[in-house]
Amino acid sequence: MKSFTGFRLSLFSFLDRHPLYPYRDDAEELKVLLIGYGQRILDDILPTVATNGQLLDTALHITLASSNPSQCVDTLLQKVPYLPHFSAISCMNKRVSESEMEDNRCTLSFEKAQLTAEGMQQLAGEHSDYRYVIISTGTDEKNAELARAFGSCGRDEPVLIAYVQRKKKPGLTMPSTEQAELIPFGFDADGAEFSEELEKIGLNLHSSYIRSADSRYSANSVLHDFYHDKYTYVSNMEAAIHIKAKLLCCGISCSDLKQAAKEFSARIAKEPALIDRLASVEHDRWVFSKIFAGYRQLQDQTLIYRDGNTTHSSAQKWHTCLLPVDHTGVSSITKEIWQAAESGERITDDAMIVERFTGHKVKLVQGKYENIKVTTPEDLLIAEVFLKKTKKMKNCY
């Protein structure tokens, strides 16, 4: 097991040990309460919960309670301007945005709260149906105080209360009760450790990605990159946590990966449509990860494959695949194209796509006969003839 320090890794490790999915209610809603303020809760905790909360047949509702909710909203939207397109956002019961997601599976609410023991009692009463709570303020002492106060409130349902502790100090680790499980996380000095099974998933993800790009990449190089490059390790472990969560959504444990593979294979054979549903969940997870990294939808299609761009631009922060989809993975933006394909309508070339789905006419212009498209080995022979002919003509002058 590799151990890296860092708050994000500690957060991932916590989510690995305490996954979100089991905290759904009977209405298939996952309600998460975040309490606090500051960079850590907006830059790390909120994005991680929103991303990992994209689960099968689950509506995610996140409430962030702070002393200054308006400032939190403004700060968040400055960093993540495209978030309102994919999440319905409200601040103190006033709607900030409507989601483009077709079944509104993610909502984000900002509420005002007094970050005191009395304020926690009020919050606990108002959010008695929230079973997953994370607390992060400016100090370890404050986090522990608020966690203790929130956990002391009587509840009908058990609640998990996680609170940030950057340093281990006597008296700040509190015992859990039958109704409240209090868990500190985020210690600076501790390396985040993951289970062997999860590391195997992460390593296989990295190996598949690398070898799809370069089949000659050696196994030793794959291992070295995974265990010694922090970005490679963190990104693949984050993805591995969500794969584990997807399997958990299907009722499959990852304690034995070979058995998990057999159970998943049997489930897919019995329910083939499950693949599309899981693909939709993965798309949502990927979309939220990009959105929280500051990416946006592409508005100008002429930028694609121009000036060093491909289907996305890391420098300009846009991506062509940032599309809202429903739970089946279908986007209203591309729905007509898929319906045409499924109906048997033949799309023969790019010009037909433009005319069929945009209403614009494509103008054809005369080109050179020698400007052929090289697709098959025979085309290379023809191209060679044209090339030799061109060289002979140049030699004549």
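Description of the structure in this document. (Residues numbered from 1 in each chain as written. Predicted model: local features only at pLDDT ≥ 70, side-chain atom pairs only at ≥ 80, totals over all residues. Heavy atoms only, no water.)

### Section: the sheet that holds strand β11 (residues 318-319)
- Taken in spatial order, the three strands line up as β9-β11-β10 in an open sheet, and their pairing is mixed. Looking at the sheet topology across the chains shown, the edges are occupied by β9 (296-297) and β10 (312-313).
- Across two bridges, the pairing between β10 and β11 is antiparallel. What sits directly across from Ser313, in β11, is Trp318. (Pairing = 2+ DSSP bridges. Helix = DSSP H or I, 4+ residues; strand = E, 2+ residues; numbered from the N terminus.)

### Regarding the sheet that holds strand β3 (residues 88-91)
- Pairing within the open sheet is mixed, and its eight strands lie in the order β4-β3-β5-β2-β1-β6-β7-β8. Because the sheet does not close on itself, it has two edges, and the strands there are β4 (94-97) and β8 (180-185). Within this sheet the neighbouring strands show an average axis-to-axis angle of 20°, counted without direction.
- Relative to strand β2 (residues 59-66), strand β1 (residues 29-36) runs parallel, the two being bridged by seven bridges. Bridge pairing in β2 places Ile35 opposite Ala65.
- Sitting on the sheet, helix α3 (residues 69-79) is in contact with β2, β3, β4 and β5 (106-112), with an inclination near 140° to β5. (Axes fitted to C-alpha atoms, helices over the stretch in contact; angles between N-to-C directions. Contact = heavy atoms within 4.5 Å.)

### What about the packing of helix α4 (residues 117-126) against helix α5 (residues 140-151)?
- Relative to each other, α4 and α5 sit at 45°, their axes nearing to 8 Å. One way to sum up the angle between α4 and α5 is to call them oblique. α5 is crossed by α4, and the crossing has right-handed handedness. Where α4 abuts α5, its residues Ala117, Met120, Leu123 and Ala124 lie against Glu145, Leu146, Ala149 and Phe150.
- The class makeup of the residues in the contact of α4 with α5 is seven nonpolar, no polar and one charged. (Parallel < 35°, antiparallel > 145°, perpendicular 65-115°, else oblique. Left-handed = near helix turned anticlockwise from the far one by under 90°. Nonpolar A, V, L, I, M, F, W, Y, C, P; charged D, E, K, R; others polar.)

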